[in-house]
Amino acid sequence: KKADIRYLFPAVICVVFFIWGESIIIHYLLYTLQIRLKKWKCFLISSVGFFFSCITPSASGGQPMQMVYLKKEKIPISVSSVVLMIVTITYKLVLVLLGLFVLFFQPRIKDTYMQDVMPVMWLGLLNVFCVAFMLLLTFHPQLMRQILVKGHEVLVKMHILKKKTSRLEKLENAMDEYQKTAEYLKNHPGVVGIVFLITCLQRVALFFVTYFVYRAFSLNSMNFFEVMFLQAVISVYISTVCMIL
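Residues numbered from 1 in each chain as written. Predicted model: local features only at pLDDT ≥ 70, side-chain atom pairs only at ≥ 80, totals over all residues. Heavy atoms only, no water.

K.L.:
How would you summarise the overall build of the chain if you had to cite specific residues and measurements?
P.N.:
Summing up its helical and strand segments, the chain has 11 helices and zero strands in all. Overall, the chain shows an N-to-C arrangement of helices and strands of α-α-α-α-α-α-α-α-α-α-α. Counting every position in the chain, which comprises 245 residues, the buried fraction comes to 39%. When the accessible surface of the chain is summed, it comes to about 14200 Å², and 69% of that surface belongs to carbon and sulfur atoms. (Helix = DSSP H or I, 4+ residues; strand = E, 2+ residues; numbered from the N terminus. Buried < 20%, exposed > 50% of the residue type's maximum accessible area, 1.4 Å probe, protein only. Areas by Shrake-Rupley, 256 points an atom, 1.4 Å probe, with all protein chains shown as cover.)

Right, here's the structure in full:
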């Protein structure tokens, strides 16, 4: 009740901007792949991801549900998986870069707020390996194919799945589509560069939410950049802890 609504209103706008930013990324990536999906539908897909990320542990349900809804729009899972993998990679990459910037170029923030949690901070930078692994899977389709085929064989041997030639053929066909999509993005690095820039704006918008809420409670000892960098560090912590758990 004591919060200043003048600051809460722009915080809500920033959340909407964050969702809208992801919808623009999805629309842009699909457009470059010659897939036409209306912008308002992309906004709904982005909203689905935001909602399910909020209500599932470790924000793990967002992208699977986005793939389900993209499938309803006749977009193959092999295509949507690459698109959403690019979204995840750029999202994590922005966080990692901000975390590294704090470590090496913001000694005051590090010494003031992070001395007691530095081991966790270094652990958080394991996200670098996570990003590298996802890049490998995205742009090395043959490795992804081998992982899925081997995984299918293991599930059949464990009698979790019945042995069906048709299922394996569908998997192979899906991986052919995945490979075409990955090859296109690999040969057009400018597309990923634009996605990275939009993701940066997205992250800043979400960090602004915390700052506006902070100011809504009449707090002003920290400026926006301090709040932004601390948010980035916390996000790096959390994503790594969730992976480990």
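K.L.:
So what about the packing of aromatic side chains? Which residues, and what values?
P.N.:
Inspection of every chain in the model, using the stated rule, returns 11 aromatic pairs. For the ring pair Phe 17 and Trp 20, a centre distance of 5.6 Å and an interplane angle of 45° mean the geometry is tilted. On the criterion of helical spacing, the pair formed by Phe 17 and Trp 20 is a turn pair, its members being three residues apart in helix α1 (residues 5–32). Trp 20 gets classed as partly exposed once you look at its relative accessible area, which sits at 42%. Following the ring pairs from residue to residue traces out a cluster consisting of Phe 208, Tyr 211, Phe 212, Tyr 214, Phe 224 and Phe 225. If you follow Lys 72 out to its NZ or CZ, it ends over the ring of Tyr 69, 4.7 Å from the centre. (Phe/Tyr/Trp six-rings, centres within 6.5 Å; stacked < 30°, edge-to-face > 60°. Lys NZ or Arg CZ within 6 Å of the ring centre and 35° of its normal.)

K.L.:
Please set out unusual backbone geometry residue by residue, giving values where relevant.
P.N.:
In most cases, non-glycine residues show a negative phi, while peptide bonds are predominantly trans. Of note, the phi angle at Gln 34 is positive, near 65°, even though the residue is not glycine. Relative to the assigned elements, Gln 34 resides in the loop between α1 and α2 (39–55). Despite not being glycine, Ser 218 has its phi angle at roughly 60°, a positive value. Turning to its location among the elements, Ser 218 is positioned in the loop between α10 (189–216) and α11 (224–244).

K.L.:
Please set out the environment of Leu 230 residue by residue, giving values where relevant.
P.N.:
Here Leu 230 shows up in helix α11. Given a relative accessible area of 16%, Leu 230 falls into the buried group.

K.L.:
Explain the side chain of His 27 residue by residue, including any values.
P.N.:
Within the secondary structure layout, His 27 lies in helix α1. A polar contact is formed between the side chain of His 27 and the backbone oxygen of Leu 37, at a distance of 3.4 Å. Excluding anything up to four places from it in sequence, His 27 contacts Leu 37, Lys 38, Lys 39 and Cys 42. (Polar contact = N/O pair within 3.5 Å; in protein donor to acceptor, adjacent residues only side chain to side chain. Contact = heavy atoms within 4.5 Å.)

K.L.:
I'd love a proper account of a nonpolar patch on the surface, names of residues and values included.
P.N.:
A contiguous nonpolar surface patch, about 310 Å² in accessible area, is contributed by Phe 17, Trp 20 and Leu 201. Judged by relative accessible area, which is 34%, Phe 17 ranks as partly exposed. (Patch = residues over 30% accessible without salt bridge, like charges linked within 9 Å, V, L, I, M, F, W, Y side chains within 5 Å. Salt bridge = Lys/Arg side-chain N within 4 Å of Asp/Glu carboxyl O.)

K.L.:
Can you lay out the packing of α1 against α2 for me, pointing to particular residues and giving the numbers?
P.N.:
To characterise two packed helices, one gives the angle between the axes of the helices and the distance between these axes. It is the contact of α1 with α2, at a shortest axis distance of 8 Å, that shows an interaxial angle of 120°. Considered as vectors, α1 and α2 are oriented oblique to each other. Like other packed secondary-structure pairs, α1 and α2 cross with a definite hand, here right-handed. Side by side, α1 and α2 meet where Val 15, Val 16, Phe 18, Ile 19, Trp 20, Glu 22, Ser 23, Ile 26 and His 27 of the first sit next to Lys 39, Cys 42, Phe 43, Ile 45, Ser 46, Ser 47 and Phe 50 of the second. Counted by class, the contact of α1 with α2 contains 10 nonpolar, four polar and two charged residues. (Axes fitted to C-alpha atoms, helices over the stretch in contact; angles between N-to-C directions. Parallel < 35°, antiparallel > 145°, perpendicular 65-115°, else oblique. Left-handed = near helix turned anticlockwise from the far one by under 90°. Nonpolar A, V, L, I, M, F, W, Y, C, P; charged D, E, K, R; others polar.)

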